[in-house]
Amino acid sequence: MREGFVVPDKWKWFTESRYGLFIHWGPYAQWGRGEQVLFREHLNHEEYAEQACAWNPRHFDPELWAYTAKKAGFKYACLTTRHHDGFCLWDSAFTDYSSAKQAAGRDFVKEYTEAFRKAGLRIGLYYSWIDWRLPAYFDGPQKDPEGWEIVRTYLHNQVKELLTNYGQIDHFFFDGVWPRNADDLQSVELLEEMRKLQPNILINNRLGYSNKIDGYRADGGIGAGDSDTLGDFGTPEHAIASEATRLWESCQVTTWRLWSHVIGERWRNTDVLLDMLCECAEKGGKHGGNLLLNVGPTADGQFPPEFVERALEIGRWLDVHGEAIYGTDGGSLTEFITRGRQTMKDNKLYLIIRFWDGRPELRLADLTSRVLDVELLTTGQSLPFEQDGDTLIINGLPREAPTRLFPVIRITCDGKPATNEWGEVRLWEGDPERVAAWARERRGASVYVDGRER
Ligand code: GLC
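Residues numbered from 1 in each chain as written. Predicted model: local features only at pLDDT ≥ 70, side-chain atom pairs only at ≥ 80, totals over all residues. Heavy atoms only, no water.

Our focus in this paragraph is the overall build of the protein. Check the secondary structure of the protein and you find 13 helices and 16 strands. For 454 residues, the compact-globule formula gives about 22 Å, and the C-alpha radius of gyration of the protein, at 25 Å, lands near that figure. Dimensions of the protein along its principal axes, counting C-alpha atoms only, are 85 × 50 × 40 Å. Counting only residues that meet the buried cut, the protein has 56% of its 454 residues in that class. Intrachain contacts of the protein at a sequence separation of at least 6 include 69% that bridge at least 24 residues. (Helix = DSSP H or I, 4+ residues; strand = E, 2+ residues; numbered from the N terminus. Rg over C-alpha atoms; globule rule 2.2 N^0.38 Å. Buried < 20%, exposed > 50% of the residue type's maximum accessible area, 1.4 Å probe, protein only. Contact = heavy atoms within 4.5 Å.)

In structure tokens:
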């Protein structure tokens with residue numbers, strides 16, 4: 001446990017970003033059945049490799065990807081340089097099984113890093129430890145010490161190569177550590193070398209647990225929570241779960257299930273995707289709370305139109321409401337779950353309204369700070385309000401929701417927004433006496449059945 005963890009300055013960009021783009025792309029897109037088609041369908045290795053080597057995505061335009069990502073409001077991206085099939089998207093000196101040495105003849109990692117950096121986005125690289133072509137990875141160091149040594153050296157060399165040849169890398173996402181652990185992989189040693197090559201890099205938690213190094217007993221998987229301590233940030237997958245002692249980033253699909261391009265996949269609606277971003281920001285606080293939202297480009301190198309449509313819609317929302325997301329300090333200050341989510345920044349409290357009920361009045365309990373100003377951020381309209389003790393009553397809201405997505409109300413207070421005990425401990429927690437006291441308060445002439453008043 002790293003009690004009192006403070007985000008170092010070099011990683012502040014991460015907490016301020018809140019929103020990153022995950023890109024799952026490789027030769028597997030040609031099958032249109034997910035990034036794991038080789039294993040899931042137990043395909044013939046030779047036939048798979050032949051088709052992988054013939055892969056030549058003619059419409060891959062990294063500048064168009066970067067332009068779209070930027071317009072959609074993403075602040076960083078993370079590209080699969082190599083997934084579990086072992087096919088590399090860069091010009092690796094350690095294998096010919098790559099886009100550079102085969103039909104495409106292109107170093108996609110180079111093109112991606114250059115284009116995204118130029119567009120002002122931070123750069124992330126995904127790298128899988130697994131290589132389904134290599135039995136020694138699965139046999140491991142006990143069963144096949146010699147084969148294992150070759151595999152481990154290969155993996156270390158490739159990671160170092162990626163961190164040497166492509167400029168500043170901000171974010172590194174390991175995956176596929178199963179069935180190995182940090183001792184087999186010497187991932188702690190590798191980490192040290194990675195930090196020498198890239199002193200500012202952020203490295204995720206999928207590094208395997210260690211029996212040798214106390215405090216590095218990582219779960220090594222996709223687990224959320226503080227069960228592992230190895231790695232700079234946690235990676236809850238298909239889940240939003242905050243961590244108290246380090247940064248975290250929830251990775252989520254835009255479709256229903258798979259990461260790479262899948263023919264016939266179903267797509268989540270824009271409001272569901274935006275809600276995930278708002279939830280990460282709300283739960284985030286000082287320890288990150290980012291959303292890494294995925295796209296699986298098509299085999300010929302294009303973002304699917306379903307993705308572009310949704311991403312740009314969120315981008316337009318962020319153009320207006322971005323201050324309620326980027327660089328915020330988390331939220332959930334008062335009881336507001338019935339209407340939406342909250343975030344805070346300095347002396348501002350943002351109410352992100354998920355459900356618009358068409359009433360002109362909104363009542364917010366438990367805000368103890370003095371309110372100076374209330375604005376409907378969506379339209380720029382200033383709203384009349386009254387404060388009665390800890391209750392804030394906002395008026396003048398339009399009947400019609402001012403956006404198809406989530407309207408936002410910005411409340412400016414005379415200091416950091418503060419709440420009373422109710423706001424802090426909510427209904428189901430704390431001393432029940434405070435609920436009893438409230439139930440007793442000004443009961444008037446209504447009818448009770450607790451034997452004392454009728
Ligand atoms: C899982 C999957 C993999 C995907 C990754 C993203 O571990 O095995 O296909 O790339 O999650 O987090």
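Back to the write-up after that little detour.
Here the focus is the pattern of salt bridges. Under the definition given, this model contains 30 salt bridges. Residue Arg 152 pairs with Glu 149 through a salt bridge whose shortest N-O separation is 2.5 Å. Linking Arg 152 with Glu 149, this pair stays in helix 7 (residues 145–165), spanning 3 residues, or about one helical turn. Residue Glu 149 is classed as partly exposed on the basis of its relative accessible area, which comes to 36%. Between Arg 339 and Asp 357 there is a salt bridge, with its nearest N and O atoms 3.7 Å apart. On the criterion of sequence distance, the pair formed by Arg 339 in the loop between helix 11 (305–321) and strand 9 (340–345) and Asp 357 in the loop between strand 10 (348–353) and strand 11 (362–364) is long-range, its members being 18 residues apart. (Salt bridge = Lys/Arg side-chain N within 4 Å of Asp/Glu carboxyl O.)

Turning to the pairing of strand 15 (residues 391–394), a few remarks are in order. Here strand 15 shows a buried face lined by Thr 391 and Ile 393 and a second buried face lined by Leu 392 and Ile 394. One ladder, built from 3 bridges, connects strand 11 with strand 15; its direction is antiparallel. Pairing of Arg 363 across the sheet is with Ile 393, part of strand 15. Bridge count for strand 14 (residues 385–388) against strand 15 is 4 bridges, and the pairing is antiparallel. The partner of Phe 385 across the bridge, within strand 15, is Ile 394. Following strand 14, the chain reverses through 2 residues before pairing antiparallel with strand 15; Gly 389 in that reversal takes a positive phi of roughly 60 degrees. (Pairing = 2+ DSSP bridges.)

Using the criterion set out here, one finds 3 cavities of 30 Å³ or more in the structure. Every residue lining the largest cavity is counted, 13 residues in all, and those nearest its centre are Thr 255, Ser 260, His 261, Trp 267 and Gly 296. Partitioning the lining of the largest cavity into residue classes produces 6 nonpolar, 6 polar and 1 charged. (1 Å grid on protein atoms, 1.4 Å probe; cavity = no way out; pocket = protein on both sides within 12 Å on 5 of 7 lines; lining within 4 Å. Points joined across faces, edges and corners; volume = space filled by probe spheres on them. Nonpolar A, V, L, I, M, F, W, Y, C, P; charged D, E, K, R; others polar.)

Another point: the sheet that holds strand 1 (residues 19–23). Within a sheet, each strand pairs with its neighbour through backbone hydrogen bonds, oriented either parallel or antiparallel. Read from one edge to the other, the open sheet built from 8 strands follows the order 5-4-3-2-1-8-7-6, with strand pairing classed as parallel. The two strands at the open ends of the sheet, each matched to only one other strand, are strand 5 (202–203) and strand 6 (233–234). One ladder, built from 2 bridges, connects strand 6 with strand 7 (residues 247–252); its direction is parallel. Looking at the pairing, Phe 233 lines up with Leu 247 of strand 7. Strands strand 2 (76–82), strand 3 (122–128) and strand 4 (171–175) of the sheet are contacted by helix 7, whose axis makes an angle of about 170 degrees with strand 3. (Axes fitted to C-alpha atoms, helices over the stretch in contact; angles between N-to-C directions.)

For the rest of this paragraph, the subject is the side chain of Asp 131. On the secondary structure map, Asp 131 appears in the loop between strand 3 and helix 6 (135–143). The class of Asp 131 is buried, set by a relative accessible area of 0%. Among the polar contacts listed, one links the side chain of Asp 131 to the side chain of Arg 133, at a separation of 2.8 Å. (Polar contact = N/O pair within 3.5 Å; in protein donor to acceptor, adjacent residues only side chain to side chain.)

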